[in-house]
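Chains, contacts and geometry: an overview
Here are the chains, one letter per residue:
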Amino acid sequence: MDNESTLYPPSEITPHSSITRRNVIKAGAAMGACAGAAGILGCQSEKPKEKKAEAPTDAKDTLTIFVGEDFEEGFDPLTSEYNSNGMFNVFHSYLLKFDNNAKIVPDLAESFKVSEDGLTYTYTLKKGIKFSDGSPLTAEDVAFSYLTIRDNGAGQIDFKAIADVKALNETTVEFKLKRRDSSFVTRTAKLGIVPKKAYAAKDYRMNPIGSGPFKMVKYEPGQQLIVEPNPQYYGKKTQFKRITFLFLSNETALAHAQSGKLDVVMVQPEYAKEKVAGMHLVTLPTIDTRGFHLPTFAPKKIDGKEYGNPVTADIAVRKALNIGINRKEIVEHSLNGIGTPATALLHNMPWANPAAEFKDGRLEEAKKILEDAGWKLNKDGIREKNGTLCAFNMLGISSDMQRYDIAVGVAEQAKKLGIKITPKAYGWKQARTLTPTTPLCWGTGDYDPSGDLVGYFGSKGSINDARYSNPTVDKHIEEALDAKTNEEAYEIWKKVQWDGKTGPESENGDLPYLWIVTINHTYFVKDDLDIGKQLVHPHGHGWPVAFNLSEWKRK
């Protein structure tokens, strides 16, 4: 589920300022020329905020990797919006966790049980687990972590259903819920546990003390993170003595890979077909979907702020875009052919509804829908209705050119329909100020069905920037959450998407979103490095590769 901080100063990008592959190759050549004299970070001019970092080493027991730019909010799982993308399990452990098959298995907890009424969850912790500072991890720490995130409301994980959490003894913690919540068990695989005595909200994010496989050595926001093995860790031990995460722009990272100084490099699709000596491309499947919200009502002011869009408020426009564009062509042209076209939010998950999907590229049918709805072509080839041009902006993100490139691809397809879309890109925070009126490219993919389905389709969803509201959908959401288990809820979650009569998805639905692609996550990996079996990645190109970091090894 998306919610990102601004990684660059909020500056606008237009089609004329797009970075080209030729520039990157030139940068790589320049880096190779200067790397020996200046060190790996000493020859940069394109991003002034990146400071000189410690030079990495080629030693067999160290790693230097790039998995994306720094969110710069630190590593506090109780206040972050990024709990499930892989960055927190470097330092923290969870009651339960996702294994490499994305199945929920024990982590800190050796077992749990649920009461008959579905309102009480009791977890039994493994004995002898310690935090990286040597202090014992107890049920008190678990209770503190969950009550804190419930009360501060700062994190992305919804624990509002918790009535109380109590430590019954050192290894037993009891959760009391206000109402049944079928996704509760899944959510306990998403929150890292912090030490009650050592936790200070202002400082913890910069100096986390977890029970995960690594502990922090140094963190310089925007520059680098250095970690080493946590000697207290109870799980599989890493063979590496030190791992350095460098925080760079995507283009600079690729140039560094070409210089031979990185072991793993997250790479955007635009550059995935480049050749990097001594490295091979690893392409990983995901549930990470990209798409745009389409504001569902006409412009109006709510609490003094403008909401709505006069074009996307028309269901005819939303449907014409959804069935008329050719997503396969967008993937080919905007993403270098890397990814799978997607007409619905979910796919290949037990709670995904196949009836939500449909055939696209139906250009003539889409044109007729617009014509019948009164959108007529003017002399410039742009449709109009009652003096309103069928034209609007579409937002990408300046720190993620993949999203901007997708917006460009959608704009090219929309031209064939007589719809004028102007792609723009801003920093994340600035873009979010525009979403009440302007479609934005979202990225999402969660192993918790409620995360996406409530967030995007619930009338009070935290990321429902389309302002979509359907009472029947809200009723299905409540029914799904009220199920005793996730498994019982799956069929109801399918109805949230499309129940045969109404819903946000399917070509006959309300279509408050224009889903485009399920991306693949791509990385260049040193030929002598084995990154182990990767789970099907959730949202967050970059950090999810680190879910199993302690299992990586030299060949």
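Residues numbered from 1 in each chain as written. Predicted model: local features only at pLDDT ≥ 70, side-chain atom pairs only at ≥ 80, totals over all residues. Heavy atoms only, no water.

Examining the overall build of the protein chain
Along its length, the protein chain carries twelve helices and 26 strands. Counting across all 555 residues of the protein chain, residues that qualify as buried make up 58%. Once local pairs closer than 6 in sequence are excluded, the contacts in the protein chain between residues at least 24 apart make up 70%. With an accessible surface of roughly 21800 Å², the protein chain has 50% of that area assigned to carbon and sulfur atoms. (Helix = DSSP H or I, 4+ residues; strand = E, 2+ residues; numbered from the N terminus. Buried < 20%, exposed > 50% of the residue type's maximum accessible area, 1.4 Å probe, protein only. Contact = heavy atoms within 4.5 Å. Areas by Shrake-Rupley, 256 points an atom, 1.4 Å probe, with all protein chains shown as cover.)

Thoughts on the sheet that holds strand β16 (residues 340-341)
Pairing in this open sheet of four strands is antiparallel, and the strands run β16-β23-β13-β22 from one edge to the other. Looking at the sheet topology across the chains shown, the edges are occupied by β16 and β22 (441-444). Two strands pair when backbone bridges link them, and strand β13 (residues 289-293) and β22 are joined in this way by four bridges, in the antiparallel orientation. When the sheet's bridge partners are listed, T289 is paired in β22 with T444. Relative to β13, helix α8 (residues 401-415) is tilted by about 60°, and along the sheet it contacts β13, β22 and β23 (513-518). Sheet contacts for helix α10 (residues 449-457): β22 and β23; angle to β22, the most-contacted strand, approximately 155°. (Pairing = 2+ DSSP bridges. Axes fitted to C-alpha atoms, helices over the stretch in contact; angles between N-to-C directions.)

Some points on the confidence of the model for the protein chain
Here the protein chain averages 89 in pLDDT, and 88% of its residues register 70 or above. Every residue in residues 3-57 is under pLDDT 50, and counting partners more than four places away or in other chains gives 118 contacts. (pLDDT = per-residue confidence, 0-100.)

With respect to the nonpolar core
Core analysis: the biggest nonpolar cluster contains 67 residues, and Y123, V142, Y146, F175 and W493 have the highest contact counts within it. A total of six residues in this core trace back to one element, the largest contributor, which is helix α2 (residues 139-152). Setting aside residues no more than four positions away along its own chain, V142 makes contact with L95, L125, L137, V173, F175 and I193. Membership of the second largest hydrophobic core comes to 47 residues, among which are F71, L225, A257 and V545. (Core = buried A, V, L, I, M, F, W, Y, C linked by side-chain atoms within 4.5 Å.)

Concerning the packing of aromatic side chains
All told, the structure shown has 24 aromatic pairs when counted by the stated rule. Each ring, one from F112 and one from Y123, has its centre 5.2 Å from the other, and the planes form 20°; the classification is stacked. Of this pair, F112 sits in strand β4 (residues 109-114) while Y123 sits in strand β5 (residues 120-125), and the two are eleven residues apart along the sequence. Since its relative accessible area comes to 35%, F112 is described here as partly exposed. For the pair Y513 and W515, a centre-to-centre distance of 5.1 Å together with 15° between the ring planes defines the contact as stacked. (Phe/Tyr/Trp six-rings, centres within 6.5 Å; stacked < 30°, edge-to-face > 60°.)

What to know about the pattern of salt bridges
Evaluated as defined, the whole model comprises 30 salt bridges. For K215, the salt bridge identified is with E228, shortest N-O distance 3.7 Å. Of the two residues, K215 sits in strand β8 (residues 214-220) while E228 sits in strand β9 (residues 224-229), which places them 13 residues apart along the sequence. On the basis of relative accessible area, E228 is assigned to the partly exposed category, the value being 25%. The salt bridge involving E364 is made with K367; its shortest N-O contact spans 3.6 Å. Note that E364 and K367 are positioned in helix α7 (residues 363-372) at a spacing of three residues, about one turn of the helix. (Salt bridge = Lys/Arg side-chain N within 4 Å of Asp/Glu carboxyl O.)

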